[in-house]
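Understanding the architecture of this molecule
Here are the chains, one letter per residue:
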Amino acid sequence: MKPITKTMIKTFLFTGLIYAGLMAGYDYSEGNGFQLWKFIFHASFFGLFMALMARYSYKKNESSKNNK
């Protein structure tokens, strides 16, 4: 597996689950119950956004290394 793929998968899982967990904790503290669909939504969309940003950053750093 390519390093960029590993970076994207790790970033997707780590940031998505952390963010969704924090949002679920916030909802629970406000008196709302745990909602699985909301947890999955937060995890997938925030994780995807952060994975795409990590990919952009990785490619930018790799291209700057090749230009030097």
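Up top is the structure these notes are about.
An account of the accompanying structure is given in this report. (Residues numbered from 1 in each chain as written. Predicted model: local features only at pLDDT ≥ 70, side-chain atom pairs only at ≥ 80, totals over all residues. Heavy atoms only, no water.)

Before going further, it helps to spend a moment on the environment of Phe12. Relative to the assigned elements, Phe12 resides in helix α1 (residues 3-29). You can call Phe12 partly exposed: its relative accessible area is 32%. Residue contacts for Phe12: discarding those within four places in its chain leaves Leu17, Ala43, Ser44, Gly47, Leu48 and Ala51. (Helix = DSSP H or I, 4+ residues; strand = E, 2+ residues; numbered from the N terminus. Buried < 20%, exposed > 50% of the residue type's maximum accessible area, 1.4 Å probe, protein only. Contact = heavy atoms within 4.5 Å.)

For the rest of this paragraph, the subject is α1. Taking 1.5 Å per residue, 27 residues should reach 39 Å; α1 reaches 39 Å between its end C-alpha atoms and fits that length. What α1 keeps buried is the set Ile4, Thr11, Thr15, Gly16, Ala20 and Asp27. The secondary structure elements touched by the buried residues of α1 are α2 (36-67). One or two steps after α1, the chain reaches Gly31, where phi turns positive at roughly 100°. (Expected span 1.5 Å × (residues − 1).)

A separate point is the packing of aromatic side chains. For the structure shown, the criterion picks out 3 aromatic pairs. Between the aromatic rings of Tyr19 and Phe46, the centroid separation amounts to 4.2 Å while the plane-to-plane angle is 20°, which identifies the pairing as stacked. Residue Tyr19 is found in helix α1, and its partner Phe46 is found in helix α2; the two are separated by 27 residues along the sequence. Taking relative accessible area as the criterion, Tyr19 reaches 28% and is therefore assigned partly exposed. Plain terms: the ring middles of Phe34 and Phe39 are 5.7 Å apart, the flat faces sit at 50° to each other, and that makes the pair tilted. (Phe/Tyr/Trp six-rings, centres within 6.5 Å; stacked < 30°, edge-to-face > 60°.)

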